[in-house]
Protein chains: 2
Amino acid sequence: MTQEKHIASAFDRDLETVQALVIKMGGLVEAAINEAATALESRDEELAEQVRRRDRAIDELEMQINEEAARLIALRAPNSTDLRVVLTVMKIAASLERVGDYAKNMAKRSHVLAHLPVINGSGLALRRMAATVERMMKDALDSYIQRDANLAADVRQRDLEVDQMYNALFREFLTYMMEDPRNITACMHLHFIAKNIERMGDHATSIAEQVIYLVTGELPEDARPKSDSVSRAELNEGED
Amino acid sequence: MTQEKHIASAFDRDLETVQALVIKMGGLVEAAINEAATALESRDEELAEQVRRRDRAIDELEMQINEEAARLIALRAPNSTDLRVVLTVMKIAASLERVGDYAKNMAKRSHVLAHLPVINGSGLALRRMAATVERMMKDALDSYIQRDANLAADVRQRDLEVDQMYNALFREFLTYMMEDPRNITACMHLHFIAKNIERMGDHATSIAEQVIYLVTGELPEDARPKSDSVSRAELNEGED
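Residues numbered from 1 in each chain as written. Chains lettered and ligands numbered in written order. Predicted model: local features only at pLDDT ≥ 70, side-chain atom pairs only at ≥ 80, totals over all residues. Heavy atoms only, no water.

Caption draft 1: Just the overall build of chain A, in detail. What chain A contains, in helices and strands, is seven helices and zero strands. Each helix and strand of chain A, ordered N terminal to C terminal, gives the series α-α-α-α-α-α-α. Here chain A, with 240 residues, has 58% of them falling under the buried criterion. Within chain A, residue pairs in contact and separated by at least 24 positions form 84% of the contacts whose partners lie at least 6 positions apart. Within the structure as shown, chain A displays about 10,100 Å² of accessible surface, and the carbon and sulfur contribution to it stands at 50%. (Helix = DSSP H or I, 4+ residues; strand = E, 2+ residues; numbered from the N terminus. Buried < 20%, exposed > 50% of the residue type's maximum accessible area, 1.4 Å probe, protein only. Contact = heavy atoms within 4.5 Å. Areas by Shrake-Rupley, 256 points an atom, 1.4 Å probe, with all protein chains shown as cover.)

In structure tokens, the structure reads:
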């Protein structure tokens, strides 16, 4: 009993160490989203370069989290419930790593876009979209730490807003391309950025779903599409 | 000694069970790539629908692999070398799951494209690109099973071909969009498909890099860009 108690608390202590790394990783990823969007809007190539350089730290944190998590499993031989928690941590780290890549990708494209015609209002619209996703990401991580299924459910809801923002931008870029072919290259890059921000939102959503699964034991009925699915919005566009 | 030997062989036996699941998952993913590309080219909506439905089996295999891998770690408390192998298996499963999503996404877009103007030659070009990536994926998995760093290095090289195919298609879609605005929506979907096939190649490459890391203990110097990076080709396009 005391033995079990000892093992249990040792597991919790180790888990907290791993979770601290996830929080740190989350902070870096939120900053990357914010800075990538700012760099794009202000055509700040230096800030964009910084975002690209810093992605390495995010990747290294993911590796560290995976190794710590694996060591924890090997050392504490957790029961199936605790095992699920550790697997969730690894899933969350994987999602954060992907989102960091999207931010880096955004930064790379902003170097290209700095030399292409300005598409009015696109920088501001994309920064707004990124800010929404950044908050979703923060709340998704908080919902994990606090095991708060309601907050997680709220994050899932907000992903619909992001899809709407994406839909509006998709329409806007189409009109810019149709009215002047010289806008096409810029709009294709901007469209990719909008799509990548939408995918960041999908990752925040999938973290939220992991939390709901962790707390309630089941995934939400209408589980949201995966990070790379075509948004309903875009399909409608396609069908126009 | 015999004890250690016993544990070691038990680990290997369990690992083989997990690896069998990875092989199975790889087979499903290769089929999904192939069928999604065929459905797109032949505008076969039924086949596309099948690809979408079957993605669930791929997702379930990933979950199963993660749980088996975690149970293996918990049960066998592997040393750091064996632990790295198990983490690699989980990474490979994650990559396969992503590629399955891209194939599903391709299938979804082919439903949309079936109702849009045909862009000459795009279906064939995309199927060729997909076939190249399918072979890369198969060889990347073989290189893992055989711990063949040379085959893995070869897979990485072939990713450059895929980037070139993507670059050529990017140019082609731009010209179609510029010459007739009615082609823009179709070309944007086709461009996304081309980009997603290129990303599949990046995932095959990252599996190959995991293998090289596993066999040689270090990642290749010029580690290829992450699955979401902007290809050099596309950046050049952007700078035109």
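Caption draft 2: Examining the packing of helix α2 (residues 45-76) of chain A against helix α3 (residues 80-113) of chain A more closely. Residues and elements named next belong to chain A. Close contact between α2 and α3 brings their axes to 9 Å; oriented N to C, the two are set at 165°. The pairing of α2 with α3 is recorded here as roughly antiparallel in orientation. The two elements α2 and α3 cross, and the hand of that crossing is left-handed. (Axes fitted to C-alpha atoms, helices over the stretch in contact; angles between N-to-C directions. Parallel < 35°, antiparallel > 145°, perpendicular 65-115°, else oblique. Left-handed = near helix turned anticlockwise from the far one by under 90°.)

Caption draft 3: Molecular detail of helix α2 (residues 45-76) of chain B. Between its first and last C-alpha atoms α2(B) spans 47 Å; for 32 residues at 1.5 Å apiece the expected length is 46 Å, and the two agree. The N-cap residue of α2(B) is B:D44: its side-chain oxygen and the backbone nitrogen of B:E46 are 3.1 Å apart. (Expected span 1.5 Å × (residues − 1). Polar contact = N/O pair within 3.5 Å; in protein donor to acceptor, adjacent residues only side chain to side chain.)

Caption draft 4: Seen up close, the layout of surface pockets. Residues and elements named next belong to chain B. When its volume is computed, the second largest pocket comes out at roughly 200 Å³. Every residue lining the second largest pocket is counted, 15 residues in all, and those nearest its centre are L40, R43, V118, S122 and G123. Where the lining of the second largest pocket is concerned, the elements lending two or more residues are α1 (2-41), α3 (80-113) and α4 (122-145). Top contributing element to the lining of the second largest pocket by residue count: α4, with three residues. Grouping the constituent residues of the lining of the second largest pocket by class yields eight nonpolar, five polar and two charged. (1 Å grid on protein atoms, 1.4 Å probe; cavity = no way out; pocket = protein on both sides within 12 Å on 5 of 7 lines; lining within 4 Å. Points joined across faces, edges and corners; volume = space filled by probe spheres on them. Nonpolar A, V, L, I, M, F, W, Y, C, P; charged D, E, K, R; others polar.)

Caption draft 5: Geometry of the packing of aromatic side chains. Residues and elements named next belong to chain A. This model, assessed by the stated rule, comprises three aromatic pairs over all chains. The interplanar angle of 50° and the centroid separation of 6.1 Å between the aromatic rings of Y166 and F170 together place this pair among those described as tilted. A residue pair is termed a helical-turn pair when its members lie 3 or 4 positions apart in one helix, as Y166 and F170 do in helix α5 (residues 149-179) at four residues. Just above the ring of Y213 sits the side chain of R84; from NZ or CZ to the centre is 4.4 Å. Of note, K195 hangs over the ring of Y166, and the distance from its end group to the ring centre comes to 5.1 Å. (Phe/Tyr/Trp six-rings, centres within 6.5 Å; stacked < 30°, edge-to-face > 60°. Lys NZ or Arg CZ within 6 Å of the ring centre and 35° of its normal.)

Caption draft 6: Empty space enclosed by the protein, seen in detail. Per the stated rule, a full pass over the model turns up one cavity of 30 Å³ or more. Space inside the largest cavity adds up to approximately 30 Å³. Taken together, A:M188, A:H191, A:F192, B:M188, B:H191 and B:F192 make up the full set of residues lining the largest cavity. For the lining of the largest cavity, the secondary-structure elements that each account for two or more residues are α6 (184-216) of chain A together with α6 (184-216) of chain B.

Caption draft 7: Just unusual backbone geometry, in detail. All names here are of chain A. For R43, which is not glycine, the phi dihedral falls at a positive 50°. Relative to the assigned elements, R43 resides in the loop between α1 (2-41) and α2. By relative accessible area, which is 35% here, R43 ends up partly exposed.

Caption draft 8: Up close: the environment of A:A10. All names here are of chain A. The topology assignment puts A10 in helix α1. What makes A10 buried here is its relative accessible area of 1%. In the structure, A10 is positioned 73 residues away from L83 in sequence and 14 Å away in space, judged by C-alpha atoms.

Caption draft 9: Just the pattern of salt bridges, in detail. Scanning all chains against the criterion turns up 24 salt bridges over all chains. Between B:D139 and B:R158 there is a salt bridge, and its shortest N-O distance comes to 2.7 Å. Linking B:D139 in helix α4 with B:R158 in helix α5 (residues 149-179), this pair joins segments that are 19 residues apart in sequence. B:R158 gets classed as buried once you look at its relative accessible area, which sits at 15%. Look at the salt bridges and you will find they share partners, linking A:D139, A:D154 and A:R158 into a network. (Salt bridge = Lys/Arg side-chain N within 4 Å of Asp/Glu carboxyl O.)

Caption draft 10: View of the confidence of the model for chain A. All names here are of chain A. Averaged over all residues, the pLDDT of chain A is 88; the fraction at 70 or higher stands at 88%. Every residue in residues 224-240 is under pLDDT 50, and counting partners more than four places away or in other chains gives 58 contacts. In the model output, the complex is listed with pTM 0.81 alongside ipTM 0.71. (pLDDT = per-residue confidence, 0-100.)

Caption draft 11: Representation of the environment of A:V215. Residues and elements named next belong to chain A. Mapped onto the elements of the fold, V215 is located in helix α6. C-alpha of V215 to C-alpha of D148: the two residues are 67 residues apart in sequence and 7.6 Å apart in space. Residues within four places of V215 in sequence aside, it is in contact with R147 and A149.

Caption draft 12: Spatial organisation of the state of the cysteines. Counted under the stated rule, the structure contains zero disulfides over all chains. B:C187 provides the cysteine sulfur closest to A:C187, a residue in no disulfide bond, and the two sulfurs are 14 Å apart. A:C187 gets classed as buried once you look at its relative accessible area, which sits at 0%. (Disulfide = S-S within 2.5 Å.)

Caption draft 13: Expanded view of the environment of B:E134. All names here are of chain B. Structurally, E134 is set in helix α4. Linking E134 and L61, residues 73 residues apart in sequence, is a C-alpha distance of 19 Å. In contact with E134, not counting residues within four places along its chain, are E30, I33 and N34.

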